[in-house]
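# Results of the structural survey
One-letter residues, chain by chain:
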Amino acid sequence: MAIPIEMPKLSDTMEEGVLSAWLVDEGEEVSAGDVLAQVETDKATMDLEAFDEGVLLKQVIGEGDAVPIGELIAVIGEAGEDISDLVDDAGGDGAATAEPEADPDAEADPDADAEDASAEPEVEPEPAPEPSGDGQLSERTPEPVPAGTDAEGRRIKASPLARRIAQEHDVELAQVDGSGPEGRIVRRDVETHVEKQEAAPEPTPEPEPTPQPEPSVPEAPSYAMPDEEAAYESEGITQMRETIARRLAESKYSAPHYYLTVDIDVERAIEVREDLNELAEEQGRAKISFNDFITKACALSLHDHPYVNAAYRPDEGEIHKHNRVHIGIAVAIDEGLITPVIRDADRKGLSELARETRALAERARDRDLEPEEFEGATFTTSNLGMFGIEEFTAIINPPNSAILAIGEIRDTPVVEDGEVVPGKRMKVTLSCDHRVVDGAKGAHFLDTVKSYLEEPMNLLL
């Protein structure tokens, strides 16, 4: 019996997926656990595995196609099995080519031919050639071929992504050879065509004959206006960017944000970190970043302030106060922003936090995270201090009730015992959802974080 393969839900925020590449061709045998294709979600590019064995009978969608969760993308079954009903019901491309079989038992309708004949539109005769001004007959101008069709007016099979890339590079799809199923043009076909065009040498123009000077009255000089630059460059919205825009817009306009900022003395924490990293180098362990100090300080503080480690659930009429501490670390990548999650951060030492954070950040930049590695955060931190940002506010990552924005460590004069001395300071800003975290609760949480960072030995206990 044929087995439908549908677009799975590969992340908690995923609504549709883009099939990046087929790794198994139609007609190939597959076993349970074999990777059929790669699917790009809003968070990562992931493998689509087969759960049954059989033959890949049909690739219903092409590379570069985006389809919603639950839509049919492939069919597995026994070789030669009829899957037309399955594909037709799903609205796949097999429906367009399937023709109904003739019923041999059906009685012939004597009036059918007459009705069909009368229903055919009359063919208008082509107008005769019109004489031109010189008495010669002029030929009619041929009708232009619509974009996206071949010379005979038939629509060219191409994925939406391939069409967009072709339009951006002014490439006619009729000139591109398709390598997808049934000659379908996919992204790599257009990119290969563009590369060949760019690599082809430009024809050398023939030298024009040098005109002989003729005596004439000098003409006034003409000034050519420079070509106008394009007003903008068009760039398609990626799955990740679309999800970021939707979720953060929902958060900003549904959760009443307010912000609390404190200035923390981090001179002692810097000294402790230097001592720990000297020891780590001797023992061959991962070096500790200052961000690891902040992660640990937040994780311990969340135990004492459960509402900051909570989620507002209006559909359930409840506030969920989480018993475990999972901290999301915002990581910037080329496509946008992703937050890998450090689970049970309160139970891990600084060295373990450093090693795990670094590994997750590298995998996040490679778009190689598993769903469980970027889902389920109960609190989030975002650090722009390494970019020289002194202070900023961050938008809460739903369904969290707070996020901590971390600024740079700066040298600044401070007053101690009545004297001005050099100091090390860092500003952090807590964005709070006022539906869950009242002002006093947010202030108490920040005060606890500050005390851990100003007395960093407490992080080691």
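An account of the accompanying structure is given in this report. Residue numbers here run from 1 along each chain, matching the order of that chain's written sequence. Residues qualify for local features only when their pLDDT is at least 70, as the model is predicted, and side-chain atom pairs are given and counted only at 80 or more; totals for whole chains, interfaces and linings, by contrast, use all residues. In computing side-chain properties, one takes all heavy atoms of the structure into account and sets aside hydrogens as well as water.

With that out of the way, let us pick up the sheet that holds strand S19 (residues 402–416). Strand order in the open sheet formed by six strands is S11-S20-S19-S18-S14-S17, and the pairing between neighbours is mixed. Only two strands of the sheet have a single neighbouring strand rather than two, namely strand S11 (257–265) and strand S17 (341–342). Any two strands with at least two DSSP-identified bridges between them are counted as paired. Helical segments are the DSSP runs of H or I of at least four residues, strand segments are the runs of E of at least two, and each set is numbered from the N terminus.

Here the focus is the side chain of Ser351. Within the secondary structure layout, Ser351 lies in helix H9 (residues 350–365). Engagement of the side chain of Ser351 in a polar contact is seen with the side chain of Arg285, the distance being 2.5 Å. Whether two residues touch is decided by their heavy atoms; if any such pair falls within 4.5 Å, the residues are in contact. Those residues in contact with Ser351, other than ones at most four positions away along the chain, are Arg285 and Ile288. Polar contacts, as counted here, are pairs of nitrogen or oxygen atoms within 3.5 Å of one another; within protein the pair requires one atom able to donate a hydrogen and one able to accept it, and residues that are adjacent in sequence qualify only if both atoms are side-chain atoms.

Turning to the nonpolar core, a few remarks are in order. Among buried residues, those of type Ala, Val, Leu, Ile, Met, Phe, Trp, Tyr and Cys that are joined through side-chain atoms within 4.5 Å constitute a nonpolar core. Relative accessibility thresholds used throughout: buried, under 20% of the residue-type maximum; exposed, over 50%; partly exposed, between the two (1.4 Å probe, protein chains only). By size, the foremost hydrophobic cluster in this structure holds 81 residues, and its most contacted members are Phe293, Phe379, Leu404 and Met426. Among the elements that make up this core, the one with the highest residue count is helix H8 (residues 290–304) (eight residues). What Leu404 contacts, discounting residues up to four positions off in sequence, is Ile294, Cys298, Phe379, Thr380, Thr381, Ser382, Val428, Thr429, Leu430 and Leu446. Membership of the second largest hydrophobic core comes to eleven residues, among which are Ile165, Leu173, Ile185 and Val190.

With that settled, the discussion passes to the pairing of strand S4 (residues 35–40). Every other side chain in a regular strand lies on the same face of the sheet, so the side chains alternate between the two faces. One ladder, built from four bridges, connects strand S2 (residues 16–22) with S4; its direction is antiparallel. Bridged to Trp22 within S4 is Ala37. Of the pairings in the sheet, the one linking S4 to strand S5 (residues 45–49) comprises five bridges and is antiparallel in character. When the sheet's bridge partners are listed, Val39 is paired in S5 with Met46. In sequence, S4 turns back onto S5 through a hairpin of four residues.

Take a negative patch on the surface next. Residues qualify for a patch when their relative accessible area is over 30% and they have no salt bridge, like charges being joined within 9 Å and the nonpolar side chains of Val, Leu, Ile, Met, Phe, Trp and Tyr within 5 Å. We get accessible surface area from the Shrake-Rupley algorithm with a probe of 1.4 Å; when it comes to residues, only the shown protein chains can shield them. When a carboxyl oxygen of Asp or Glu is within 4 Å of a side-chain nitrogen of Lys or Arg, the pair counts as a salt bridge. For the purpose of counting charges, residues Lys and Arg are taken to be positive, whereas Asp and Glu are taken to be negative. His and the chain ends are not included. Taken as the charge centre is NZ of Lys, CZ of Arg, CG of Asp or CD of Glu, depending on the residue. On the surface, Asp34, Asp47, Glu49, Glu362, Asp366, Asp368, Glu370 and Glu372 cluster together to form a negatively charged patch. On the secondary structure map, Glu49 appears in strand S5.

So, on to the pattern of salt bridges. Following the criterion strictly, the structure yields twelve salt bridges and no others. With a closest N to O distance of 2.9 Å, Asp263 and Arg410 form a salt bridge. With Asp263 in strand S11 and Arg410 in strand S19, this residue pair connects regions lying 147 residues apart in the sequence. A residue is classified by how much of its surface remains accessible, and Arg410, at 14% relative accessible area, is buried. Through salt bridges with shared partners, a single ionic network connects Asp263, Glu390, Glu391, Arg410 and Lys427.

Bringing H9 into the picture now. What sets the pattern is the α-helix's 3.6 residues per turn: residues three or four places apart point alike. Here H9 contains 16 residues, and its C-alpha end-to-end distance of 23 Å stays within 8% of the 22 Å for a straight helix at 1.5 Å per residue. Of all the residues in H9, the buried ones are Leu350, Ser351, Leu353, Ala354, Thr357, Leu360, Ala361 and Ala364. The secondary structure elements touched by the buried residues of H9 are helix H7 (267–283), H8, strand S15 (331–333), strand S16 (336–338) and S17. Just past H9, the residue Arg367 takes up positive phi, approximately 55°. Helices are assigned an expected span. That span is 1.5 Å times one less than the residue count.

Our next topic: the packing of H8 against H9. The description of two helices packed together rests on the angle between their axes and the distance between the axes. What counts as an axis is a line fitted to C-alpha atoms, over the stretch in contact for a helix, and the angles between N-to-C directions run from 0 to 180 degrees. Axis separation between H8 and H9 bottoms out at 9 Å; the angle between their running directions is 115°. Two packed elements cross with a definite hand, and for H8 against H9 that hand is right-handed. Side by side, H8 and H9 meet where Asp292, Phe293, Thr295 and Lys296 of the first sit next to Leu350, Leu353, Ala354 and Thr357 of the second. Gly falls in the polar group here, along with every residue not listed as nonpolar (Ala, Val, Leu, Ile, Met, Phe, Trp, Tyr, Cys, Pro) or charged (Asp, Glu, Lys, Arg). Taken together, the residues of the contact of H8 with H9 sort by class into four nonpolar, two polar and two charged. By definition, any crossing whose near helix is turned counterclockwise from its far helix by less than a right angle is left-handed, and any crossing with a clockwise turn is right-handed.

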